Amino acid sequence: MRIATITFQTNATSQMNNLQADLAKTQNDLATGTRLHSAADDPAAMSQVNTLNVQMSASTQYVTNGNYATSTLQLEEQAMSDATNTLQSARDLAVEANNPALSASQRADIAAQLQQQLQDLISIGNRVDGSGNQIFAGTASNTVPFSQNGTTVNYLGATQTSQIQIGPNQRISSGDTGASVFMNIPAGNGTFTTSGAATNTGTGSIGVGTVSNTAAWVPDTYTIAFTSPTDYTVTNSTGTVVSTVTNFKDGDSISFNGVQIPMTGTPAAGDTFTVAKAGNASAFSTLQSIITTLSDPTLSNAQISSQIGGALQQIDNAISNMSNVSASVGARLNSITSSQGAAQALQTNLTTAVSQLSDTDYAAAITKLNTEEVSLQAAQQSYASISQLSLFKFLQ
Amino acid sequence: MSDLFSSSVSGLLAFQRALDVTSNNISNVATPGYTKENANFTERPGQAYSSGYIGSGTDIQSVTRSYDELLAGQVRSSQSSFSNFDTYATQAANIDNMLSDPKTGLTVSLQNFINAYQTVANSPSTTAQRQALLSQATAISQQMQNYNTQLQTYAGGIEQGISSAITQINTLTDGIAKLNQQIASGLASTGQTPNQLMDQRDQMLDQLSQYVSVSTATQADGSMNVYVGTGQPLVIGATSQQLQATPNQYDASENQVSIVGGGGLTTDITSTITGGQLGGLLSVRSQVLRPAENTLGQFSVGLATLVNQAQGAGLDLTGTAGKPMFSVGGVLSSSSRSNTGTASVATTRTNLGSLTSDDYILRQTSAGTWTLTDEMTNQPVTMTGTGTAADPFMAAGLSMVVSGTASVGDSYEIRPTAGASAGMNVLLTSPAQIAVASSIQTTGVGANTGTGVVKSSVVSDPSVWVPGVYTISFTSANAYQVKDASNNVVGTGNYTSGTPITFNGASVTLTGSPATGDTFTVGAAGASNTGDNSNAFALIDSLNAAKMNGGTTSLSSVANNLVSQIGVQTQQAQSNASAQKAVNASATDSRNNLSGVNLDEEAAKMVQYQQAYSACAQLIQASNTMFNTLISAIKG
C-alpha cells in the first residue's frame, strides 16, 4: 500500500492537535471543578441540575417563610398567654365580689378594678407584630380590630386569616382572627344559658346547669315561672307546658327535657327564669356584664350571685377557648419546625445530587489527564523519530 | 550508427523530461492539492531490418496525473458534510452558552421571581418586600430583552455568513469556469492534459465544497460541470451562474439563496441547498435560532400573561384592581413582498395554553378561501372564522383579522411569539401597585345556623373568571349549589370541609359544617384587606402549574426544555462534525495515497532516471567514438 509523504505529515499533526484539544478540555474540567460547562456537555444532566437548583431555591424560601411565621405565631402565643392571665385575674375578682357581705361601695371598687382588666384585655387584642401589622385582625392587618363603643366592644377585623407557605404543599394560617379568640365564645354551658328576670323579688338564684341527656334536649327558649315558692311550671316558646313541679324547695334542681339546673334560695310568686339556647358571648361582654352588675346598687344579692355565677362560667369558657387556640398555634409552630428540618435534609440531598451530576470526578479526570499526556508524548516522540527517515539521506 | 545515436538521444531527452517531472513532484511535495505527475514512456515504432525489427528509442508520450475522480469526489462530499456540521455546531454553541449558565439561567430567574412573591406574601403591607419584587420583575424582563438582543446579534452574524459564503461561491465558480475554458482549449490544441490547470481547478472545487455541497460531471472536452442543490447548474463549460442573496419575502433582513438565470431572473433555491458552510448556516437558522427566538418569546408571553391576569383579579395596596405588571411585544404579522392585494393582517394572542413555538403562513389560496400552514412542518392548521373583525380567524391561540382586499395567492407570515421578548417591560411604577389581595370575598349570611366558616376566597383562574356576585347555598349539609346574579346555576357539588368550591374561575374554601339552607355570598372585596395574600398564592400556583402547550408544560419546563433542546442539538452537531472530520481525514488519506508525492519513491525514480540518463549519455559517447573510428578508418 502506498503512503504519500503528505499523508504522514497531516495525520501526525492532526493527531497531535486532537490530543492537545483533549488535554486542554480535561485540564479545564480539573481547574474549574465542573464538567458541565454548557448544556451541550450533557443535556440530560444539565436539565436535571436546573430542576434540582429550582427545588433548592424554593426550599430555602420555605425556610425563610417558616422563620417569619414562627415569629408572628410566637407573638400571638404570648398575647394569648397574657390575655389568659388577665381573665384569670378578672375571675378572682369576680369570685371576691360574689360575697353578700360586701357593701355597694366595696362592690363599686371591685367593678373599677374589673374595668382596668377589661381595658387591658382590649389592648392585648389590639397588639401589633414586628412589622406593625395587627395580630388579631385577620387579613385586615391595618385595621384596629377591637373598638369600644359605650359598653359594647365590637370586632372590626376580617373573618379570614392570611396563609404562609412553609413547605412544597404546605400552607398554614399565620394567625387567628380576633373573632375566634375573643368574640365567638360559647355562652352558658355551651348548650343553653340561664338567667333570672330583673323584676324577680324572691331570693332564688339560678345556676348554670348541665345537659344530663343530650338526646332528650330540645333546643328552645323555656320560661320557668314560679306561682308560689314551691310551685313552678316550665313552658317552651310556643306556650306548651313541658314540666310542672309542686314541691320545690331550696337546693333542688330543675329538670326537664334532659337538662338539670340547680336553684338555690327561695323564689317568690311571680318570679320567672329563662333558659335559652346558647349563642356566643365575647370575653369583653362577659367582663362588662360583671362590671354592670356590680355597679347597679338596686340588685339583690340573689340576682348578683346568679349573674356572677353565669359570668364565671363564661370566663371559664373564654379561658378554655383561648387554650384551644393556643394549642393550635403550638401545633402550627411544631409543623414549621418539622418542615424546616425536612427542608434541611432535602437541601443536603439536592446538593449531593447536583454535585454528582455536574462536578468533575477528580480521580477519573486525573487518570484521563495522565493517559492523554502519555499519548501526546508518544505521538510527539514517534513523529520526531519517523520524520528523520528519508531515502535522500542515504543518497549523499 | 544514426540509429544508435538517435535512439540514445531520444532516451536522453526522455529521461531529461522524466527528471523534470520528478523534480516537479519533489518540489511540490508539500503543495496542497498537488497531484503526482507521471512521465509515461512509450516505445518508438521499430524499423524492419533483415536481422529483425529494431526499436528506435523511447518518447515521453504524455505526462499524466495519478488522479481518481471517485476518491476526489469522496473527499469533497465529506468536506461538505464536515463544514456543514462544524458551522452548525459553532453557531448552536453560541446560543447554548448564552442560555446554559446554571446560576443565572432562566429557570433560576423565574424561581427568584416566585421567591420574591413568597416574601411579599409573608407581610403584604411591607413596602420594602414589594420593592424587591418589582426589582426581580425588572431583572427578569431585562434578561429576556438581553437574550433577544444577543439572538439578533447571532442572527446578524448568520446572515453575514450567508452572504459572504455566496460571494465566495461566486468567486470560485467564476474561477472554475475560466479554468474550464483554458483546460478545454489547452486539451484541444495540444492533445495533452493541462495538469497544472486541472490541479488548480480541483483546488477550487475542494474550496467550493467547504461552502456548499456540489456534484460534478466531467465533459468530453475536459471541462467539468458543477451542480448545486437538486441539479441547479453553477458552472456549465466556460460559463458560470451566479448565486445571489435575496431578501426573504416576509422579512427583508433574512437572506434567501437564489440562482441568477438568463435575463437576470432569480430563482429561490434555498430549500435545496445542503452541505458546506451555507447549508450549515441555513439549517442552524431554521432549526436552532428561530425556534429559540420563538420559545423564549413563548416564555415571556406566558410569564406576562399569567402575572397580568392575576393582577387584574386582585387588589393592590390602595384597594383598587391591579393593573398589568408586564408588557410584551406583539405578534409579528408580515405581508409578503410579492402580494398584489392591499390587505394587511392584524393578529393578537387570545389563549395562552394554545400558543405554540411555531411560525405560520396565512394564504388566500382561492377567492374567499384562506388556509393556515405551519411554516416548520408544512402541515395545514385548522382555522375557524372568516377573518373579519367581528368573526376573526381563530387558530393556535391567535385571532387574525384581515383588513383591506387581498388577491388570490397573497400570503402573510405570522410569528406569534418571536417579537415578545424584545418588548418585555415592567409597567408598574410603585410597589403599592402589586395586587396581592384577593378581589373577591365571601361572607356567611347572618341567618345561617350551621358552623360553616369561610377560610379563603380567591380568583384561582383569572382567564375564565366572570366578575359578579354569586351565591353558594347548601341544599343539604353535604351538597351545595352556586348561582350567579341572574340565578343561573354555575356549579354544584358535594361539600367536604377544607376542599375548595370552584366555579367560573373562583375558588372558595369553607371549613366546618354548614346547615341545610345556609348561604354564602361571594362579592367584591372591601379595601380593608391589606393583609390578604391569597391572590399572591393563586399566582404562585399558576406559575408552577402546567399552563403552557395545551396544559402539558409549566413555565419552568418551557425554559428548561429549551436549554436541553439547544444542548442536544449542539452536542449532536459537535459529534457529527467530529465523525465527519474523521471520514474526511480518511478520504483525504485515500486520495493522497494515490495522488500524493512520496519522497522516497521520487528519490528512487530520480536515481533510476539519472542512471539511465548517464547510460544514454555514455551511449552517445560510444556512438561518437564509433563514428570517429569509422571516419578515421576511411581517411586512411
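None of the values given here were measured: they were computed from a predicted structure.

1. What about the overall build of chain B?
Within chain B, the regular secondary structure consists of nine helices and 31 strands. Relative to the globule expectation of 26 Å for 636 residues, the C-alpha radius of gyration of chain B, 40 Å, shows a markedly less compact shape. Taken along the three principal axes of its C-alpha coordinates, chain B extends 160 × 55 × 40 Å. Residues classed as buried in chain B amount to 47% of the 636 residues present. If you sum the accessible surface of chain B, you get close to 27000 Å²; carbon and sulfur atoms cover 53% of it.

2. Observations concerning the overall build of chain A
Each helix and strand counted, chain A has eight helices and 15 strands in total. On C-alpha atoms alone, chain A measures out to a radius of gyration of 42 Å, which is more than a quarter above the 21 Å that the 2.2 N^0.38 rule sets for 396 residues. When its C-alpha atoms are laid out on the principal axes, chain A stretches across 155 × 45 × 30 Å. Burial analysis of chain A (396 residues in total) assigns 45% to the buried set. In chain A, the proportion of contacts linking residues at least 24 apart, taken out of those at least 6 apart, comes to 66%. About 18500 Å² of surface is accessible on chain A, with carbon and sulfur atoms providing 53% of the total.

3. Brief notes about a nonpolar patch on the surface
A contiguous nonpolar patch, built from Leu-391, Phe-394 and Leu-395 of chain A and spanning about 300 Å² of accessible area, is present on the exposed surface. Assignment of secondary structure puts Phe-394 of chain A in helix H8 (residues 391-394).

4. A word on the pairing of strand E13 (residues 259-264) of chain A
Residues and elements named next belong to chain A. By the alternation rule, side chains of E13 split into Val-259, Ile-261 and Met-263, which are all buried, and Gln-260, Pro-262 and Thr-264, of which none is buried. Pairing between strand E8 (residues 210-211) and E13: two bridges, direction antiparallel. In the strand pairing of E13, Val-211 is matched with Val-259. The pairing of strand E12 (residues 253-256) with E13 spans four bridges and is classified as antiparallel. If you follow Ile-254 over to E13, its bridge partner there is Ile-261. The antiparallel hairpin formed by E12 and E13 contains two residues in its connecting segment, where Asn-257 sits at a positive phi of about 45 degrees.

5. Here's the deal with the domain arrangement of chain A
Residue and element names in this part refer to chain A. Per the domain assignment, the segments of chain A are domain 1 (36-187 + 287-358) and domain 2 (193-278). One C-alpha centre belongs to domain 1, the other to domain 2, and the line joining them spans 38 Å. Taken together, the eight residues of domain 1 in the interface contact twelve residues of domain 2. Our enumeration of links across domain 1 and domain 2 arrives at zero salt bridges. Joining domain 1 to domain 2, the criterion identifies four residue pairs in polar contact (both at pLDDT 80 or more).

6. Side note on the side chain of Asn-593 of chain B
For Asn-593 of chain B, the position within the fold is in helix H8 (residues 555-595). When sequence neighbours within four positions are dropped, the list of residues in contact with Asn-593 of chain B reads Met-1, Arg-2, Ile-3, Ala-4 and Thr-7 of chain A.

7. Some thoughts on the interface of chain A and chain B
Taken together, the contact pairs 48 residues of chain A with 59 residues of chain B. Together, Arg-2, Gln-160 and Phe-392 of chain A form the three largest contributors to the area buried by chain A at its contact with chain B, with a combined 16%. Taken together, chain A and chain B are joined by two salt bridges. When the shortest N-O distance is used, the salt bridge between Arg-2 of chain A and Glu-601 of chain B registers 3.0 Å. At the junction of chain A with chain B, the criterion picks out 37 residue pairs in polar contact (both at pLDDT 80 or more). Elements with a minimum of two residues in the side of chain A that touches chain B: helix H1 (5-32), helix H2 (43-97), strand E3 (163-167) and H8 of chain A. Sort the elements by how many residues they give to the side of chain A that touches chain B and H2 of chain A lands first, with 14 residues.

8. Some remarks on the sheet that holds strand E25 (residues 453-459) of chain B
Residues and elements named next belong to chain B. One open sheet holds the three strands; their spatial order is E25-E30-E29, and the pairing between them is antiparallel. At either end of the open sheet lies a strand with only one pairing partner, and these are E25 and strand E29 (501-503). On average, each strand axis in the sheet is inclined to that of its neighbour by 15 degrees, with strand direction left out of account. Judged from the six bridges that link them, E25 and strand E30 (residues 506-511) form a sheet pairing that is antiparallel. Bridged to Ser-457 within E30 is Val-508.

Here is what the cut-offs are and how they apply
- Residues numbered from 1 in each chain as written.
- Chains lettered and ligands numbered in written order.
- Predicted model: local features only at pLDDT ≥ 70, side-chain atom pairs only at ≥ 80, totals over all residues.
- Heavy atoms only, no water.
- Helix = DSSP H or I, 4+ residues; strand = E, 2+ residues; numbered from the N terminus.
- Rg over C-alpha atoms; globule rule 2.2 N^0.38 Å.
- Buried < 20%, exposed > 50% of the residue type's maximum accessible area, 1.4 Å probe, protein only.
- Areas by Shrake-Rupley, 256 points an atom, 1.4 Å probe, with all protein chains shown as cover.
- Contact = heavy atoms within 4.5 Å.
- Patch = residues over 30% accessible without salt bridge, like charges linked within 9 Å, V, L, I, M, F, W, Y side chains within 5 Å.
- Salt bridge = Lys/Arg side-chain N within 4 Å of Asp/Glu carboxyl O.
- Pairing = 2+ DSSP bridges.
- Domains from an automatic or database assignment.
- Polar contact = N/O pair within 3.5 Å; in protein donor to acceptor, adjacent residues only side chain to side chain.
- Buried area = accessible area lost by both parts, 1.4 Å probe.
- Axes fitted to C-alpha atoms, helices over the stretch in contact; angles between N-to-C directions.

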